[in-house]
Amino acid sequence: TKAWLRVNIVQIVERHPSNSCDLNACEKVWAYLKEKVSAFGVSTAESLKKRIIEEFNAIPQALIDKWAASYWTKVAECKEAKGDWVGFKGLRKPH
């Protein structure tokens, strides 16, 4: 519960859903893949699947490290926004 978390010094981002795209690292990966894959003219489901796998496997480790390192900055932005959506490049605000 929130009370236990506070007593045990765990930071809570109030009013921010636990499944928020702001704090979900996978959303950065999907936005990146969407940008990379859309640059190619895929015409079949199989070619789309192949392109996604190729682009996923080609994500530079430095970029993954950058995404991971930015997590606590995103948490701070979410706290400052009092739980409102803060977003990131490549992701649109959810409805």
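Below is a short write-up of the structure. All of these numbers come straight from a predicted model, not from anything done at the bench.

Scoring rules and cut-offs
- Residues numbered from 1 in each chain as written.
- Predicted model: local features only at pLDDT ≥ 70, side-chain atom pairs only at ≥ 80, totals over all residues.
- Heavy atoms only, no water.
- Helix = DSSP H or I, 4+ residues; strand = E, 2+ residues; numbered from the N terminus.
- Contact = heavy atoms within 4.5 Å.
- Areas by Shrake-Rupley, 256 points an atom, 1.4 Å probe, with all protein chains shown as cover.
- Salt bridge = Lys/Arg side-chain N within 4 Å of Asp/Glu carboxyl O.
- Buried < 20%, exposed > 50% of the residue type's maximum accessible area, 1.4 Å probe, protein only.
- Arc of directions from axis to C-beta.
- Core = buried A, V, L, I, M, F, W, Y, C linked by side-chain atoms within 4.5 Å.

### Details of the overall build of the protein
- The secondary structure content of the protein amounts to five helices and zero strands.
- For the protein, the sequential pattern of α-helices and β-strands runs α-α-α-α-α.
- Taking the contacts inside the protein whose residues are at least 6 apart along the sequence as the reference set, 58% of them involve residues at least 24 apart.
- Summing over all exposed atoms, the protein offers an accessible surface of approximately 7,400 Å²; the carbon and sulfur share of this is 60%.

### A word on the pattern of salt bridges
- Taken as a whole and assessed by the stated rule, the structure comprises two salt bridges.
- Between Glu54 and Arg51 there is a salt bridge, with the nearest N and O atoms lying 3.4 Å from each other. On the criterion of helical spacing, the pair formed by Glu54 and Arg51 is a turn pair, its members being three residues apart in helix α3 (residues 45–57).
- The exposure class assigned to Glu54 is partly exposed, which follows from its relative accessible area of 35%.
- A salt bridge links Glu55 to Arg51; the nearest nitrogen and oxygen atoms lie 3.3 Å apart. One end of the pair, Glu55, and the other, Arg51, are both in helix α3, four residues apart, so they sit about a helical turn from each other.

### So, helix α5 (residues 71–80)
- Residues of α5 that are buried: Lys74, Val75 and Cys78. The arc that holds every buried residue of α5, seen down its axis, measures 105°, which confines them to one face. Residues of α5 that are exposed and point more than 90 degrees away from the buried face comprise Trp72 and Glu80.

### A few points about the nonpolar core
- Within the largest apolar cluster, six residues are counted, these being Val29, Tyr32, Leu33, Ile59, Leu63 and Trp67.
- For this core, the secondary-structure elements that each account for two or more residues are α2 (25–38) and α4 (61–69).
- Top element by residues in this core is α2. It accounts for three residues.
- Discounting residues that sit within four places of it in the chain, Tyr32 has contacts with Ile59, Pro60, Leu63 and Trp67.

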